[in-house]
Amino acid sequence: MSDSVSVAIHGVSKVFGHDRNAVTALDDVSLDIREGEFFTLLGPSGCGKTTLLRLIAGFEHPTRGHIDLHGEEISHLPPYRRPVNTVFQSYALFPHMTVAENIGFGLEMQGKSKEETTSTVGEMLRLVQMEDLADRRTDQISGGQQQRVALARALAPRPRVLLLDEPLSALDYKLRKGMQIELKRLQNETGITFIFVTHDQEEALTMSDRLAVMSQGKVLQVGAPREIYAHPAVRFVADFIGDTNFLDAELLEIERDRTELKLPSGKPVSARGAARSVDGKVHIAVRPEQTTLTRDADAAHLEGHIDNVVYSGTDTHYHITLPGGESFVVRTQNRGDSGDEWQAGQTAGIVIEPGAVQILAD
Amino acid sequence: MADNSQRNDSVFEAAAHRARVRRNWLLSTPALIILVLAASGPLLVMLAYSFLQAGDYGGVEYRFSTEGWFQVFLARDIFDDTVSVADAHLSIFWRSARLSFLTTVTALALGFPTAYFIATRPRSSRNLWLFLVTVPFWTNLLIRTFAIMEVIKNQGIVNTLLMSAGVISEPIQMLYTDFAIMLGMTYVYLPLMILPVYASMEKLDFRLVEAGYDLYATRIKVLWRVIIPLVKPGIVAGCILVFIPSLGAYVTPRVLGGGRNLMIGNLIELQFGQGSNWPLGAALSIFLLLVVMVALLLYVRNSQKANNIVRH
């Protein structure tokens, strides 16, 4: 993976409709997507991720701002002039063509020779393991196979960037897992920049080199999956990705790269990074799996009343109410020797692991 | 156990299916009665008449004769009984085929963009546009045809406008020409092209159009390679719906062709009216029917073959 920028999005806004009916789908979005990376746009439906993808593909044009591909502005080029291909959510395979004809369509439109088209189509069929079904009609193959054909069709013209619009959402769980691995393999083999749209946070974390979390037309945070999960910048990101406990805390001391905080229980705790606050109060997030239960009152950061114990195979979840009325979840991994040590109705101390406290910007 | 219940299910399903089939036949009885009484019955009468002898003052005499069919293609000299090809009939057949073909092509050229326009409107306004397409059906065909006459006659709107604008100094003879017939037929049958093409177009998944653009196809390429193949059933239905009635058109060529430019419909009418040759009229009608049926059969066989090639 090189560090050169593939797709650069500069202050792009997209407004649909006019005047009173105007809907802002994207609000001043800026992003740099690097060459050869697997980049994911993650967010709930209606957050603008698909609109952004359609702007890069050329099906829509930005209201403000511009999009560059390898340093050249492409915002106003029609889709057929952009070296960018799309794998559609519904696959959008041509029903009047065979599998091979579908895959060869883009090459034919590019004016490639018959021999070159045939050989590339063969190569693509091998790449997605569909050689046996080349002459089938697209309605005679399964959903997973259609998915592969859609991928092969979009990869055949060797685009600079491949756009994938929730391509796995129509597949069942097992097939989806398989295709996730398949997609990563294809991306490694081809070295093409993938821009992947999904609302599935787990999928985004597993597959991406980097991801952008979006909400209400804005990009909230961009980073590697580990970075986003461990250090969510704002409440929405912390809440949308994984499970999180939210607490209020008071500022004690701010240093250059660490902040000392006072928890509602009165106990001190330190967090990474310098916090900013106007009234001396901040919101913090703590992941449930980075906490444990203890009987040792001195070691405990918080104390609460266990309402519920939920056993889920690999983990056990303890639903706890803190003295201030806030709910808090502690998740511990089950080991061979762990019994039912804690029961509902008991009072327990909560230990927060070092580095587990994340200060939120909002 | 599981097998057993599955077998039971399929037995019940088969019984339910048979009940459905019975009910469907029952529901179609009125349609079947109308078809037999109003379509097949009269056709059989016509078929019988075409093999009878012409009565002196119209009607038929109940004696077997192939004279009607003979006269469809051949003419017998009144003086010396020499047989020659019926040139008059052949030129009428040719005009009918040519004008119907041109009408179909023109209607397609006008109807396809119209259907595309309607199909790409927001769902809420599509019904209004479709409604507007059907408005001409509210007025009698004859009156609409006379209206066209007013537009294209020598002192009509078009010629008057062109002359006052100084484009031409003498009126262009449009009325009573083949052009007038074609114009009239295109006008009358255009909705029959728009509606089926629209019906296909409305079902078109426009994401396929986007996929085409995405894969480097320009607008023209997308039209030819994606849109037209996918709405082909509608185009074919529209062409059949325009071509067949054009071939048998009667009112339009009668009014706009001025009785000089006959089409098959007028020729048939002539045999039952002034010509007093019912067997010939009946034979011509059956002949027209056969031509249309053979053409349709050929088309159906062809399209099945094309499907099989893709299907394997």
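Residues numbered from 1 in each chain as written. Chains lettered and ligands numbered in written order. Predicted model: local features only at pLDDT ≥ 70, side-chain atom pairs only at ≥ 80, totals over all residues. Heavy atoms only, no water.

**Some details on the overall build of chain B**
Operational definition: Going along the chain from the N terminus, every DSSP run of H or I of four or more residues is numbered as a helix, and every run of E of two or more is numbered as a strand. Atoms considered for the radius of gyration are the C-alpha atoms alone. The globule rule reads 2.2 Å times the number of residues to the power 0.38. We call a residue buried when its accessible area falls under 20% of the maximum for its residue type, exposed when it is over 50%, and partly exposed in between, using a 1.4 Å probe and counting protein chains only. Pairs of residues are marked as contacts when any of their non-hydrogen atoms sit within 4.5 Å. With residues, only the protein chains shown are counted as cover, and all accessible areas are computed by Shrake-Rupley using a 1.4 Å probe. Within this scheme the basic residues Lys and Arg register as positive and the acidic residues Asp and Glu register as negative, but His and the chain ends are omitted. All charge positions are set by atom: Lys at NZ, Arg at CZ, Asp at CG, Glu at CD.
The helix and strand inventory of chain B stands at 13 helices and four strands. Taking 2.2 N^0.38 as the reference for a compact globule, 312 residues should give roughly 20 Å; the C-alpha atoms of chain B span a radius of gyration of 26 Å, well beyond that estimate. Taken over the C-alpha atoms alone, chain B extends approximately 90 × 65 × 40 Å along its principal axes. By the burial criterion, 34% of the 312 residues in chain B qualify as buried. Of all intrachain contacts in chain B linking residues separated by at least 6 positions in sequence, the fraction that spans at least 24 positions is 62%. For chain B, the computed accessible surface area is about 18700 Å², with 67% contributed by carbon and sulfur atoms. Across chain B, the 25 positively charged side chains and the 18 negatively charged ones have centroids separated by 12 Å.

**Things to note about the packing of helix α4 (residues 87-119) of chain B against helix α5 (residues 123-134) of chain B**
Two measures define how a pair of helices packs: the angle their axes make with one another and the distance between the axes. Residue and element names in this part refer to chain B. Quick note on the threshold: Between N-to-C directions, angles cover 0 to 180 degrees, with each direction set by a line fitted to C-alpha atoms, over the stretch in contact for helices. Throughout this description, any angle smaller than 35 degrees is read as roughly parallel, any larger than 145 degrees as roughly antiparallel, any in the 65 to 115 degree range as roughly perpendicular, and the remainder as oblique. Gly is put with the polar residues, along with every residue not named as nonpolar or charged; the nonpolar set is Ala, Val, Leu, Ile, Met, Phe, Trp, Tyr, Cys and Pro, and the charged set is Asp, Glu, Lys and Arg.
Direction vectors running N to C along α4 and α5 enclose 150°, while the axes themselves pass 9 Å from each other. In terms of orientation, α4 lies roughly antiparallel with respect to α5. Facing α4, whose interface residues are Phe117, Ile118 and Ala119, α5 presents Arg126, Trp129, Leu130 and Val133. Residues of the contact of α4 with α5, tallied by class, amount to six nonpolar, no polar and one charged.

**Remarks on the pairing of strand β13 (residues 268-272) of chain A**
As a general feature of sheets, a regular strand has side chains that alternate between the two faces. Residues and elements named next belong to chain A. So the rule is basically this: The rule for pairing is simple: two strands pair if DSSP sees at least two bridges between them.
Here β13 shows a buried face lined by Val269 and Ala271 and an unburied face lined by Pro268, Ser270 and Arg272. As paired elements, strand β12 (residues 258-262) and β13 share five bridges and run antiparallel to each other. Bridging across to β13, Glu260 finds its partner in Ser270. What sits between the antiparallel neighbours β12 and β13 is a turn of five residues, in which Gly266 has the positive phi angle 95°.

**Overview of unusual backbone geometry**
Phi is positive for Arg158(A), which is not a glycine, with a value near 50°. If you trace the backbone, Arg158(A) turns up in the loop between α4 (143-155) and β7 (161-165). For Asp81(B), which is not glycine, the phi torsion reads 60° and is therefore positive. Looking at the secondary structure, you find Asp81(B) in the loop between β3 (74-76) and β4 (83-85). For Asp81(B), a relative accessible area of 51% corresponds to the exposed category.

**Re the interface of chain B and chain A**
Rule in force here: Here's the idea: put two parts together, see how much 1.4 Å probe accessible area each one loses, and the total over both is what we call buried area. Salt bridges are identified by distance alone: a Lys or Arg side-chain nitrogen within 4 Å of an Asp or Glu carboxyl oxygen. Two N or O atoms form a polar contact when they lie within 3.5 Å of each other; inside protein one atom must be a possible hydrogen donor and the other a possible acceptor, and for residues adjacent in sequence the pair counts only when both atoms belong to side chains.
Listed by partner, the interface residues are 21 residues for chain B and 30 residues for chain A. For the pairing of chain B and chain A, the buried interface totals around 2400 Å² over both sides, and the portion due to carbon and sulfur atoms is 61%. Taken together, the links from chain B to chain A amount to two salt bridges. The closest approach of N and O atoms between Arg54(A) and Glu210(B), which form a salt bridge, is 2.6 Å. For the pair chain B and chain A, the interface holds eight residue pairs in polar contact (both at pLDDT 80 or more). Elements that contribute at least two residues to the side of chain B that touches chain A include exactly α9 (206-214), α10 (219-247) and α13 (278-311) of chain B. At seven residues, the largest contribution of residues to the side of chain B that touches chain A is made by α9(B).

**As for the sheet that holds β13(A)**
Residues and elements named next belong to chain A. Spatial ordering of the open sheet is given by β13-β12-β11-β14-β20, a layout of five strands whose pairing is antiparallel. Taken across any chain shown, the strands that pair with only one partner, and hence form the sheet edges, are β13 and β20 (357-359). When strand polarity is set aside, the average angle formed by the axes of neighbouring strands in this sheet is 50°. Both strand β14 (residues 281-286) and β20 contribute to a ladder of three bridges, which runs antiparallel.

**Focus: the nonpolar core**
Residues and elements named next belong to chain A. Using the following cut-off: Nonpolar core, defined: a set of buried Ala, Val, Leu, Ile, Met, Phe, Trp, Tyr and Cys residues in which side-chain atoms within 4.5 Å join the residues together.
Among the nonpolar cores identified, the biggest contains 68 residues, and Val7, Ile9, Leu41, Leu52 and Ile195 are the most heavily contacted of them. In contact with Ile9, other than residues within four places in its own chain, are Val29, Ser30, Leu31, Asp32, Ile33, Leu52, Ile56, His66 and Ile67. Counting 35 residues, the second-largest nonpolar core is a separate cluster that includes Val87, Leu127, Val128 and Phe196.

**Re the pattern of salt bridges**
Residue and element names in this part refer to chain A. The full count for this structure, using the stated rule, is 26 salt bridges over all chains. In this structure, the salt-bridge partner of Arg185 is Glu189, at a minimum N-O distance of 2.9 Å. Of the two residues, Arg185 and Glu189 both sit in helix α5 (residues 173-190), four residues apart, roughly one turn of that helix. On the accessibility criterion, Glu189 (47% relative accessible area) is partly exposed. Across the pair Glu260 and Arg258 runs a salt bridge whose closest N-O atoms are separated by 2.9 Å. Residues joined in a network through salt bridges with shared partners are Arg148, Glu182, Arg185 and Glu189.

**A few points about the sheet that holds strand β4 (residues 64-69) of chain A**
Residue and element names in this part refer to chain A. Across the sheet, four strands lie side by side as β2-β1-β4-β5; this open sheet has antiparallel pairing. Each edge of the sheet is formed by a strand with only one pairing partner; in this case those strands are β2 (23-34) and β5 (72-73). Bridging between strand β1 (residues 5-16) and β2 involves eight bridges; their strand directions are antiparallel. Each residue of the ladder has a partner; that of Phe16, found in β2, is Val23. Sitting on the sheet, helix α1 (residues 49-57) is in contact with β1, β2 and β4, with an inclination near 115° to β1.

**Remarks on the domain arrangement of chain B**
Residue and element names in this part refer to chain B. Which entries qualify depends on this criterion: An automatic or database domain assignment provides the domain bounds reported here.
Domain annotation for chain B reports domain 1 (1-49) and domain 2 (86-311). Domain 1 and domain 2 are separated by 35 Å when their C-alpha centres are compared. Every contact between the two is made by four residues of domain 1 and, on the other side, seven residues of domain 2. Taking both sides of the interface into account, the surface hidden between domain 1 and domain 2 amounts to around 480 Å²; carbon and sulfur atoms contribute 87%. Contact with domain 2 buries area across many residues of domain 1, yet Leu43, Met46 and Tyr49 alone supply 88% of it, more than any other trio. Between domain 1 and domain 2 we count zero salt bridges in total. Here domain 1 and domain 2 share zero residue pairs in polar contact (both at pLDDT 80 or more) between them. Split into classes, the residues belonging to the side of domain 1 that touches domain 2 amount to four nonpolar, no polar and no charged.

**A word on the side chain of Glu37(A)**
All names here are of chain A. In this fold, Glu37 is placed in the loop between β2 and β3 (38-42). On the basis of relative accessible area, Glu37 is assigned to the buried category, the value being 1%. A distance of 2.8 Å separates a polar side-chain atom of Glu37 from the backbone nitrogen of Arg34.

**Thoughts on the environment of Gly355(A)**
Residue and element names in this part refer to chain A. Mapped onto the secondary structure, Gly355 falls in the loop between β19 (347-352) and β20. What makes Gly355 exposed here is its relative accessible area of 58%. Spatially, the C-alpha atom of Gly355 lies 32 Å from that of Gly36, the residues being 319 residues apart in sequence.

**Some remarks on the domain arrangement of chain A**
All names here are of chain A. Splitting chain A by domain gives domain 1 (5-236) and domain 2 (243-359). On a C-alpha basis, the centroid separation for the pair domain 1 and domain 2 is 39 Å. Opposite the eight residues of domain 1 that make contact, domain 2 presents seven residues. Across the domain 1 to domain 2 interface the summed buried area is about 760 Å²; carbon plus sulfur atoms make up 42%. Counting the contacts that link domain 1 with domain 2 gives zero salt bridges. Per-element accounting of the side of domain 1 that touches domain 2 gives the leading share, four residues, to helix α7 (residues 225-230).

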